[in-house]
Amino acid sequence: KESKGFPEDFLWGAASAAYQVEGAYDEDGKGLSSWDAFVKIPGKTFKGTTGDVAVDHYHRYKEDVKLMAYIGLKTYRFSISWSRIFPEGNGKLNEKGLQFYDDLINECIKYKIKPMVTLYHWDMPQSLIDQYGGWESRQSVDDFVNYAKVCFSHYGDRVKHWIIMNEQNVFTSHGWMLGTHPPGKINDLKMFYQVNHHVFMAHAYSVLALKEMYDDALVGSSFAFSPSYALTNKPEDALSKQDYDTLQSYYWMDVYAYGRYPRAALSYLESLNVKIEMEPWDEDILKRSALLIDFMGVNYYQTTTVAYNPPQGVNNLNGENNSGKKGTKAVTGIPGLYMNPSNDFLDKTDWDWAIDPSGLRFACRDITSRYDLPIIISENGLGAFDKIEDGKIHDPYRVDYLREHIKELKKACDEGCRILSYCVWSFTDVLSWLNGYQKRYGLVYVDRDEEENSGTLKRIPKYSYYWYKKVIESNGENL
Ligand code: GCO
């Protein structure tokens, strides 16, 4: 059967996040964020790297957008730093912060690049943590929605694609279970679920607010989705796969898309004596917002394998490999439920992320059949060590990675999935939260020392950048 290919108005994009690219962490009235504070705690990041300067996108955005325009990028996904707009998270508004994103948005539009804006890519204003514990308090919902409304009313005439939350599953599990992201709490199960509820409410109220202001805006949130495979056809592995899907994936996506928690998850929480505090009207708000979302945002990097984990089995939530040495990732698992062994059929990146292009198709099919929603692939890309040789970066391994994923995405389109956009993570190299500047994702190399906050910051388009130009020009035909 002949492939219909990508829709004509398909949005070929690339992405970034404020903390990972902007730098200028205390300039023009910006307040400190949770990450500005967290990275200064010794031992938290690779060799103490920070985003103080990052890749200096704050000052070099014009140069960056020009590079986007050259390859014909249709959309640029970036995030707004809450503490640039509200230095304290609430209270006084910072005009210069508003201005920066005005300038960035206008620069994109000048080249017909559609801005796709993420409201929360993990940088909570530190002041809100000092005031009341940040997301741990219900007050965060009001302050977030207030911030969201300011962004909608200020930028909504030009921004039509809004991603409210980025990878809620990741920042909450790293922040309250693994301790590797702010606020660095370990195994605080009750707070983990409570924080998630607050974030869900902040998402839901923001969706309602946006649709009231602009009914032509498209809205959703981006989920870090790792679809799962059962290790064997043993019935116990199949059930463990269901447990994993419920607790690690559908727990979030069901709330966005259906406005309710999965029943099995609620009874699991009950068995652990974890009770989520809710207001009587929360269920209604979640339901109403779910009816209004326009897409599921998917950040796709890898699939997971699931096997039954006996009660005395693997007890380890953190399998993160921050070393860049293959094979140093530990098996994760929750005793009595599931464990996640490595998939021997798949190659791994140097950070042990399973490379699985067909998993992207699997993800799209799963979301399409479960939620019947359009999909934005808001992130997909390869973190690697890149080498500069004779002033050039030859990264055919990244091209292979992207090509194979785009091929699978095309199949998903042919199979009836409604895919609106595909964003390469990332446009330029960025700060990897925990891995410093050694783990590079960009289509454009940024010359900066891998460990220190130094380097010329010069932009050098990689081989993959020129390849992506052809992909865009041919609407995904010339791979
Ligand atoms: C890293 C991560 C990030 C994420 C992104 C998630 O290495 O720090 O891969 O770059 O992909 O921030 O939204």
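Quick caveat: nothing in here was measured; it's all calculated off a predicted structure.

Participant: Before we move on, can you summarise the sheet that holds strand E11 (residues 375-380) with the specific residues and values?
Facilitator: Pairing in this closed barrel of eight strands is parallel, and the strands run E1-E2-E3-E4-E5-E7-E11-E14 around the ring. With strand direction ignored, the average angle separating the axes of adjacent strands in the sheet is 25°. When strand E1 (residues 11-15) meets strand E14 (residues 419-425), the two strands line up parallel, connected through five bridges. Within the sheet, the bridge partner assigned to Ala14 lies in E14 and is Val424. Here helix H9 (residues 189-213) sits on the sheet in contact with strand E3 (114-120), strand E4 (161-166) and strand E5 (218-224), set at roughly 170° to E4.

Participant: An account of the environment of Ser222 is needed here, citing residue identities and associated values.
Facilitator: Inspection of the secondary structure puts Ser222 in strand E5. Residues Ser222 and Met253, spaced 31 residues apart in sequence, show a C-alpha to C-alpha distance of 9.3 Å. Here Ser222 is in contact with Ile163, Asn166, Glu167, Gly297, Val298, Asn299 and Ser378, once residues within four sequence places are set aside.

Participant: Describe the UniProt feature "active site" (unreviewed entry) in the protein chain, listing the residues and the values that go with them.
Facilitator: Feature annotation in UniProt assigns "active site" (unreviewed entry) to the following positions: Glu379. Within the secondary structure, Glu379 sits in strand E11. A tally of 25 C-beta atoms within 10 Å means that Glu379 is categorised as buried. Excluding residues within four positions of it along the chain, Glu379 makes contact with Ala15, Asn299, Cys423 and Trp425.

Participant: Go over the sheet that holds strand E8 (residues 304-308), please, and point to the residues and values.
Facilitator: What links the strands of a sheet is backbone hydrogen bonding, and the strands pair in either a parallel or an antiparallel sense. Read across the sheet, four strands follow the order E6-E8-E10-E9 without closing on themselves; strand pairing throughout is mixed. Across the chains shown, the open sheet's two edge strands, defined by having one partner strand only, are strand E6 (228-230) and strand E9 (332-334). Strand after strand, the sheet turns through a mean of 25° between neighbouring axes, direction not considered. Sheet topology places E9 next to strand E10 (residues 338-340); three bridges connect them, and they run antiparallel. Bridging from a neighbouring strand, Thr332 pairs with Asn340 of E10.

Rules and cut-offs
- Residues numbered from 1 in each chain as written.
- Predicted model: local features only at pLDDT ≥ 70, side-chain atom pairs only at ≥ 80, totals over all residues.
- Pairing = 2+ DSSP bridges.
- Helix = DSSP H or I, 4+ residues; strand = E, 2+ residues; numbered from the N terminus.
- Axes fitted to C-alpha atoms, helices over the stretch in contact; angles between N-to-C directions.
- Contact = placed C-beta atoms within 7 Å.
- UniProt positions renumbered as here; feature names shortened; annotations may be inferred.
- Buried ≥ 20, exposed ≤ 12 C-beta atoms within 10 Å, placed from the backbone.

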